[in-house]
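# Structure at a glance
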Amino acid sequence: QVQLVESGGGLVQPGGSLKLSCVCSGSSFNIFSMGWYRQAPGKQRELVATINMDYGATNYADSMKNRVTISKDNIKNTVYLQIASLKPEDPAVYYCRAEGKGRLRGREYWGQGTQVTVSS
């Protein structure tokens with residue numbers, strides 16, 4: 001089984017930055033990719049960024065690719081999301097997602113989410 005725990009959310013002023021973390025525990029060696037998604041009130045959950053855990057290839061949502069950076073630390077089984085220049089439209093619950101490989105192929109796992117609020 002795989003467990004994901006996000007942290008790093010909070011209240012940030014417009015124009016500020018934030019770094020989110022997602023720690024993967026359990027069968028982390030059977031994870032193909034990890035990513036960040038966000039869901040604002042009344043809206044659908046949307047992709048922010050993903051990263052391949054073996055090769056480091058990244059994928060970003062067009063709407064955010066100029067302001068976010070996804071990175072990983074395989075030793076710590078952790079994925080990070082750096083968000084810069086936070087805007088009023090950025091507040092949402094940010095979720096971590098993992099996609100399995102090997103014996104976990106076809107499975108996906110989600111964290112509980114971390115709230116990001118942007119306000120002056």
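Residues numbered from 1 in each chain as written. Predicted model: local features only at pLDDT ≥ 70, side-chain atom pairs only at ≥ 80, totals over all residues. Heavy atoms only, no water.

### So, the environment of G35
Condition: Secondary structure elements follow DSSP: runs of H or I of four or more residues count as helices, runs of E of two or more count as strands, with numbering from the N terminus. Relative accessible area decides the class of each residue, using a 1.4 Å probe on protein chains only: under 20% of the type maximum gives buried, over 50% gives exposed, and in between gives partly exposed. Whether two residues touch is decided by their heavy atoms; if any such pair falls within 4.5 Å, the residues are in contact.
With respect to the helices and strands, G35 occurs in strand β4 (residues 31-39). Note on G35: relative accessible area 1%, which makes it buried. Linking G35 and T69, residues 34 residues apart in sequence, is a C-alpha distance of 11 Å. Dropping the residues within four chain positions of it, G35 is found in contact with A49, T50, I70, Y95, C96 and R97.

### A short note on the side chain of S21
In this fold, S21 is placed in strand β3 (residues 18-26). Aside from chain neighbours lying at most four places away, what touches S21 is V5, E6, S7, W36, T78, V79 and Y80.

### A look at the state of the cysteines
Heads up, the rule is: In this description, a disulfide is simply a cysteine sulfur pair whose atoms lie within 2.5 Å.
Under the definition given, this model contains one disulfide. Here C22 is linked by a disulfide to C96, with a sulfur-sulfur distance of 2.1 Å. A torsion of -85 degrees about the S-S bond marks the disulfide between C22 and C96 as left-handed. Pair noted here: C22 is in strand β3 and C96 is in strand β9 (residues 92-100), with a separation of 74 residues, a long-range link. Taking the relative accessible area as the measure of exposure, C22 reaches 0% and is therefore buried. The class for C96 is buried, based on a relative accessible area of 0%. Here C24 is not cross-linked by a disulfide; its sulfur's nearest cysteine counterpart is in C22, at 6.9 Å. By relative accessible area, C24 is classed as buried at 3%.

### What about the pattern of salt bridges?
As a reminder of what qualifies: Here, a salt bridge means any Lys or Arg side-chain nitrogen found within 4 Å of an Asp or Glu carboxyl oxygen.
Going through the model one piece at a time under the given rule, you end up with seven salt bridges. With a shortest N-O distance of 2.8 Å, R38 and D90 are connected by a salt bridge. Placement of the pair is R38 in strand β4 and D90 in the loop between β8 (78-83) and β9, with a sequence separation of 52 residues. This pair shows no difference in class: R38 is buried, exactly as D90 is. Notably, a salt bridge pairs R97 with E99, separated by 3.8 Å at the nearest N-O pair. Accessibility expressed as a relative area gives 16% for R97, which makes it buried. Among the ionic contacts, a cluster of salt bridges with common partners joins R38, E46, R67 and D90.

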